[in-house]
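Spelled out, the chains give:
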Amino acid sequence: MAQVRDGFQSRLGFVLAAAGAAVGLGNIWGFPTQAANHGGGAFLLVYFIVIFLLALPALYTELYLGHKAQANPVKALGDAWQNTNRKVGAAAGYIGLAGAVVMLSFYSIVAGWMLSYAIEPITTFFGFTGASEFLHSDSILRNFVFTPLMLILTASIILKGVKSGIETWSRRLMPLLLVLLVGLIAYIATLDGASEGFAAYLIPDFSQILDPNLIIAAMGQAFFSLSLGVGCMMIYGSYLQPDANLPKLTAGVALLDTSVAFLAGLLIIPAIYVAQHNGVEVFSGGKLIGEGQLIFAILPELFSTMGEIGLLVGLLFFVLMSIASVTSTISTTEIPVAFLVENHNVSRTKATWAVSAVVLVCASAIILNFDWLFGLVIMLFTQYQLPLMGLFYFITVGWMWQRGNKLHQATTGVHYWFAQYIRFVCPILMTLVFANVAFG
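Residues numbered from 1 in each chain as written. Predicted model: local features only at pLDDT ≥ 70, side-chain atom pairs only at ≥ 80, totals over all residues. Heavy atoms only, no water.

(A) Structural detail: helix α7 (residues 140-158). Here α7 spans 27 Å end to end across 19 residues, near enough to the 27 Å set by a 1.5 Å rise per residue. Of the positions making up α7, those classed as buried are Arg-142, Asn-143, Phe-146, Thr-147, Pro-148, Met-150, Leu-151, Thr-154, Ala-155, Ile-157 and Ile-158. Tucked inside the fold, the buried residues of α7 contact α5 (86-125), α6 (129-136), α8 (161-188), α14 (308-344) and α15 (348-368). (Helix = DSSP H or I, 4+ residues; strand = E, 2+ residues; numbered from the N terminus. Expected span 1.5 Å × (residues − 1). Buried < 20%, exposed > 50% of the residue type's maximum accessible area, 1.4 Å probe, protein only. Contact = heavy atoms within 4.5 Å.)

(B) Just the environment of Pro-121, in detail. Within the element layout of this structure, Pro-121 appears in helix α5. Sequence spacing of Pro-121 and Gly-310 is 189 residues, and the spatial spacing of their C-alpha atoms is 8.7 Å. The residues contacting Pro-121, other than those within four sequence positions of it, are Leu-311, Gly-314 and Leu-315.

(C) Up close: the side chain of Ser-108. Positionally, Ser-108 belongs in helix α5. Taking the relative accessible area as the measure of exposure, Ser-108 reaches 1% and is therefore buried. Leaving out residues up to four positions away in the same chain, Ser-108 has contacts with Thr-147, Met-150, Leu-151 and Val-359.

(D) The arrangement of the nonpolar core in detail. Ranked by size, the top nonpolar core spans 161 residues in total, and within it Phe-14, Ile-28, Tyr-236, Phe-317 and Phe-318 carry the most contacts. Those residues in contact with Tyr-236 that lie beyond four places of it in its chain are Phe-8, Phe-14, Ala-17, Ala-18, Ala-21, Ile-166, Ile-330 and Ser-331. (Core = buried A, V, L, I, M, F, W, Y, C linked by side-chain atoms within 4.5 Å.)

(E) Quick look at unusual backbone geometry. Within the chain, Gln-70 stands out as a residue other than glycine whose phi angle is a positive 50°. By the secondary structure assignment, Gln-70 is in the loop between α3 (41-69) and α4 (73-80). Given a relative accessible area of 27%, Gln-70 falls into the partly exposed group.

(F) Geometry of the pattern of salt bridges. Here the structure, examined in full by the defined rule, presents five salt bridges. Lys-75 is the partner of Asp-79 in a salt bridge, and the nearest nitrogen-oxygen pair spans 3.0 Å. With Asp-79 and Lys-75 both in helix α4, this residue pair falls four residues apart, about one helical turn. Arg-348 serves as the salt-bridge partner of Glu-334, at 2.8 Å between the closest nitrogen and oxygen. Linking Glu-334 in helix α14 with Arg-348 in helix α15, this pair joins segments that are 14 residues apart in sequence. Side by side, Glu-334 and Arg-348 carry an identical accessibility label, which is buried. Through salt bridges with shared partners, a single network forms among Lys-75, Asp-79 and Arg-86. (Salt bridge = Lys/Arg side-chain N within 4 Å of Asp/Glu carboxyl O.)

(G) Region of the structure containing the layout of surface pockets. Put simply, the largest pocket is a space of about 1,400 Å³. Lining the largest pocket are 46 residues, with Gly-30, Gln-34, Gln-221, Ile-378 and Thr-382 sitting closest to its centre. The set of elements that each furnish at least two residues to the lining of the largest pocket consists of α1 (11-22), α2 (25-37), α5, α10 (212-225), α16 (370-400) and α18 (413-439). Here the element with the most residues in the lining of the largest pocket is α16; it accounts for eight residues. (1 Å grid on protein atoms, 1.4 Å probe; cavity = no way out; pocket = protein on both sides within 12 Å on 5 of 7 lines; lining within 4 Å. Points joined across faces, edges and corners; volume = space filled by probe spheres on them.)

(H) Region of the structure containing the state of the cysteines. All chains considered together, the criterion is met by zero disulfides. No disulfide involves Cys-232; its nearest neighbouring cysteine sulfur is the one of Cys-362, lying 17 Å away. Not part of a disulfide, Cys-426 finds its nearest cysteine sulfur in Cys-232, a span of 20 Å. Of the residues examined, Cys-426 reaches a relative accessible area of 0% and is grouped as buried. (Disulfide = S-S within 2.5 Å.)

(I) The arrangement of the packing of α15 against α16 in detail. At a minimum axis distance of 6 Å, the contact between α15 and α16 shows a crossing angle of 125°. What the angle tells us is that α15 and α16 run oblique. Of the residues in α16, those touching α15 at Ala-365, Ile-366, Ile-367 and Leu-368 are Phe-370, Leu-373, Phe-374 and Val-377. A class-by-class count of the residues in the contact of α15 with α16 yields eight nonpolar, no polar and no charged. (Axes fitted to C-alpha atoms, helices over the stretch in contact; angles between N-to-C directions. Parallel < 35°, antiparallel > 145°, perpendicular 65-115°, else oblique. Nonpolar A, V, L, I, M, F, W, Y, C, P; charged D, E, K, R; others polar.)

(J) The arrangement of the environment of Arg-11 in detail. Within the element layout of this structure, Arg-11 appears in helix α1. Since its relative accessible area comes to 58%, Arg-11 is described here as exposed. Taking the C-alpha atoms as reference points, Arg-11 and Gly-279, separated by 268 residues in sequence, lie 47 Å from one another. Contact partners of Arg-11, with chain neighbours within four places excluded, come to Lys-248 and Leu-249.

(K) Examining empty space enclosed by the protein more closely. A full pass over the atoms with the stated rule returns one cavity of 30 Å³ or more. Along its surface, the largest cavity is lined by Leu-184, Ile-188, Leu-267, Ile-268, Ala-271, Leu-299, Phe-303, Val-313 and Phe-317. Counting residues per element, the ones that place at least two in the lining of the largest cavity are α8, α12 (246-277), α13 (294-304) and α14. Element by element, the count of residues in the lining of the largest cavity is highest for α12, at three residues.

(L) Structural view of the packing of α7 against α15. At a minimum axis distance of 10 Å, the contact between α7 and α15 shows a crossing angle of 160°. When the axes of α7 and α15 are compared, the pair comes out roughly antiparallel. Taken as a pair, α7 and α15 cross one another with a handedness that is right-handed. Note on element contacts: α15 touches α7 through Arg-348, Thr-352, Trp-353, Ser-356, Val-359, Leu-360, Ala-363, Ser-364, Ile-367 and Leu-368, opposite Ile-140, Asn-143, Phe-144, Thr-147, Pro-148, Leu-151, Ala-155 and Ile-158. Of the residues belonging to the contact of α7 with α15, the class tally is twelve nonpolar, five polar and one charged. (Left-handed = near helix turned anticlockwise from the far one by under 90°.)

(M) Looking closely at the side chain of Thr-332. Mapped onto the elements, Thr-332 comes out in helix α14. The exposure class of Thr-332 is buried, given its relative accessible area of 1%. A distance of 2.9 Å separates a polar atom in the side chain of Thr-332 from the backbone oxygen of Ser-328. Beyond its immediate sequence surroundings of up to four residues, Thr-332 is in contact with Ala-100, Met-103, Leu-104, Val-230 and Cys-232. (Polar contact = N/O pair within 3.5 Å; in protein donor to acceptor, adjacent residues only side chain to side chain.)

Here you go:
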């Protein structure tokens, strides 16, 4: 017997959950790093323009596919391609599923680091030196402790379903994330060196705005920070009520996600300048030293220069990062879980643990071959799969999906011009992003 489909019970619950899916380490880690390396205020301005021109239509397209199908990405894309070749659409759905598992494999490792760094200030405060060193270490053992912990934490939420699990926890975690962000910004703003960081971030250098590297970096970041191209938004769109106001909800998700990215920049870029003021080496040749290590090298060094208050600030910061991680792992886990539940009639409990077990096996392979595999997996996923899947969604909605596609039926007005924009302009912009990210 087919199982009754769960769904979001409120617009606020959906917006918080979908924004939570989008608000991940890409916003709080990636966005400030990109901004610091590409002219601060100039990058911010171009990023906002790109969100409007590319990311909003892409977000709407992905939500629209799921919402109309009321199904997981494999079925949704298969249905959209039924007039041409259903197998092509379904195959893209399966690629998305594989991508979700791959993303979870490396994301759970990084999320585990956040959790260990969040616990470390507590062990330091109580004088447990050995535990602190273990939590800060880069050891295989630490990864094998904290990666499964994050998977269990994620599974415990997914097991409860959409309304009782994803929606309930998103309504708790997202406001907490915003409160922590604003509180940390307010504290960092009081420190010496912060004002220089605010100026670098908020005042655009207009001479840099037309720099092709900056524009393409902003396009890539806008796309990645909204978690587009994996199927997260498609599955969340499918859990909306059939009469939901999709354009309004899309705008709400994009606004909240972009606000968090903006606030993350307000926190991290001034924090970088405070660290520099405190003698921590941050920039070399105008670029951040060790971009990927910003969170694990520069910021902990900054917290350590702040005395006992630094322990509290470090604790709050990594709790914030852990929340951002969990809201993203929830949405990504839901993709293969929904597929197993709907297409293969597996119970949600069995599906959740099966997906978690597969992800743990993949994550273990990455941990054991970390030096070459971790970077390779992230590169293949972010530089190839995400932009190509985004392009595929535009082509699907703009050209291949005929029956039931309201955008295709519009002949005048805003809907007509929006349909033309998705058909002709968005694929070109998306191809530019892919070409530059993959080969630039």
